[in-house]
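Per-entry structural report
Listed here are the chains, written in short residue letters.
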Amino acid sequence: MRAVVCRGAGGVEVLEVAEAPRPEIGPDDLLVRNFAAGLNRADLLQRRGLYPPPPGESVILGLEFAGEVAEAGSRVGSFRRGDRVFGIVGGGAYADFLRVHHALAVPIPDTLSYDAAAAVPEAFATAQESLYGLARLEPGESVLVHAGASGVGSAAIQLARARGAVVIATAGSADKVAACLRLGASRAVNHREEDFVAAVREFTESRGVHVVLDLVGAKHWERNLDCLREGGRLLVVGLVGGSKVQADLSVILRRRLQVLGTALRMRPLEEKAAIARHFRETVLPLLESGAVRPVLDRVYPLEEVRAAHERMEANLNVGKIVLRL
Ligand SMILES: NC(=O)c1ccc[n+]([C@@H]2O[C@H](COP(=O)([O-])OP(=O)(O)OC[C@H]3O[C@@H](n4cnc5c(N)ncnc54)[C@H](OP(=O)(O)O)[C@@H]3O)[C@@H](O)[C@H]2O)c1
């Protein structure tokens, strides 16, 4: 089968499409013939040698897939050969075939192509786990979504709206601001031109938001706390703007703030399976009804994986970049 391998650690020049053996499956696994793989920031880090796969996972890049079942393990009763499935893996999705535990595979809604389906799992599962799971977002609450035009951000805006929350988003260009508004944000701030704390204060009549979903990290830490109302929740989901902060904990104590973190890749199978189940129960019906939709930025053939990585690294994508196999 074809697979993207890294010839060492570094820039896009280390990426190569090569022949690799098909993965072997166990009794609880599916062998998936993969048609599309979503790109993630984690792939860029892994390529640079900064985010190795967890033990036992494929060293091939790629954390999300959309394809059809080629073979089901002997103990799998829930899927059959030919079923359309998508989901999250610990590695191995930049390849024609991959192995996934059956509890992590989810049926693809009929309305979605493989390309569109590959744009869903990481972004929507992360946004769901953060907003619905950790923050327990309620209808009528307000949410600040940073990097609102990113993969995770574009899913978060839609899931927050689907829950009946009001969204303020930040983004780094006029096009991205327009995309956030189209996705359902009531207010979108170009963070290069406008102070998002002032925008939040104005929008919430100085009360602050109930929830901040942050993908940026250190760069936004203090200003995120300034955006929260009493008892507000800060979701630490991404660290594209650094991870080290100096904190005045009295702010958290005095204003009864909550800081909640999440990461998907390193979790044990049972927790990943619970997230997949939650995704199936809450996000799948929204995708099926069209209440939320994947945001596809660009689709690249596998051979153009270097260009795909360059686009993400340059922060040009609105929504998800997908590799077609
Ligand atoms: N915790 C989890 O389980 C989990 C799961 C998936 C993803 N993530 C993390 O979530 C983050 C977003 O992922 P994604 O796939 O949605 O990424 P993405 O689509 O590549 O978007 C990232 C966006 O972040 C903004 N950005 C980049 N560098 C920045 C910097 N130095 N300072 C401020 N903003 C910056 C840019 O948007 P603007 O141009 O609008 O500024 C960029 O387009 C990543 O850190 C990723 O690792 C976490």
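Look up: the structure comes first, before these words.
Presented here is an overview of the structure given in this document. (Residues numbered from 1 in each chain as written. Predicted model: local features only at pLDDT ≥ 70, side-chain atom pairs only at ≥ 80, totals over all residues.)

Here we look at the packing of helix 3 (residues 121-134) against helix 9 (residues 269-289)
Using the following cut-off: Axis geometry follows a simple rule: fit a line to the C-alpha atoms, using only the stretch in contact for helices, then measure angles between N-to-C directions, giving values from 0 to 180 degrees. Labels follow the DSSP assignment, with helices taken as runs of H or I lasting at least four residues and strands as runs of E lasting at least two, numbered in each case from the N terminus. Here roughly perpendicular refers to angles of 65 to 115 degrees, roughly parallel to angles under 35, roughly antiparallel to angles over 145, and oblique to all remaining angles. A pair of residues counts as a contact when their C-beta atoms, built from backbone coordinates, are separated by no more than 7 Å. For this classification, the nonpolar set comprises Ala, Val, Leu, Ile, Met, Phe, Trp, Tyr, Cys and Pro, the charged set comprises Asp, Glu, Lys and Arg, and every other residue, Gly included, is treated as polar.
In the contact formed by helix 3 and helix 9, the axes pass within 10 Å of each other and the chain directions differ by 85 degrees. Here helix 9 runs roughly perpendicular to helix 3, going by the angle between their axes. Listed contacts from helix 9 to F124, A125, Q128, E129, Y132 and G133 of helix 3 are I275, H278, F279, T282 and V283. When its residues are assigned to classes, the contact of helix 3 with helix 9 shows 6 nonpolar, 4 polar and 1 charged.

Observations concerning the site of the ligand
Worth spelling out the cut-off: Here, nearness means that the C-beta atom of a residue, built from backbone geometry, sits within 6 Å of the molecule or strand in question. Each domain span listed reflects an automatic or database assignment of domains.
The ligand sits among 28 residues. The nearest are S150, G151, G172, G238 and G241. Of all the elements in the fold, those that place two or more residues in the shell around the ligand are helix 1 (41-47), helix 3 and helix 4 (151-162). Looking at the shell around the ligand, the element that brings in the most residues is helix 4, giving 3 residues. Broken down by class, the residue content of the shell around the ligand amounts to 13 nonpolar, 11 polar and 4 charged. Both domain 1 (2-120 + 267-324) and domain 2 (123-261) contribute no fewer than three residues apiece to the shell around the ligand.

Focus on the pairing of strand 14 (residues 296-301)
The criterion, for reference: Here, strands pair whenever DSSP counts at least two bridges between them. Handedness rule for crossovers: strands pointing away from the viewer, path from the first strand over the helix to the second running clockwise, crossover right-handed.
Relative to strand 15 (residues 320-324), strand 14 is paired through 5 bridges, and the arrangement is parallel. Counted as the bridge partner of V299 is V322 from strand 15. With respect to chirality, the unit in which strand 14 leads through helix 10 (residues 305-313) into the neighbouring parallel strand 15 is right-handed.

What to know about helix 5 (residues 174-183)
Which entries qualify depends on this criterion: Counts of 20 or more other C-beta atoms within 10 Å of a residue's own C-beta define buried residues, counts of 12 or fewer define exposed ones, and intermediate counts define partly exposed ones; C-beta atoms are placed from the backbone. Along the arc lie the directions from the helix axis toward the C-beta atoms.
When we look at burial in helix 5, the residues that qualify are K176, V177, A179, C180 and L183. Taken end-on, helix 5 shows its buried residues confined to a sector of 160 degrees, consistent with a single buried face. Counted as exposed and oriented over 90 degrees from the buried face of helix 5: A174 and D175. Here the buried face of helix 5 lies against helix 4, strand 9 (166-171) and strand 10 (187-190). Residue G184 follows helix 5 closely and has a positive phi angle near 125 degrees.

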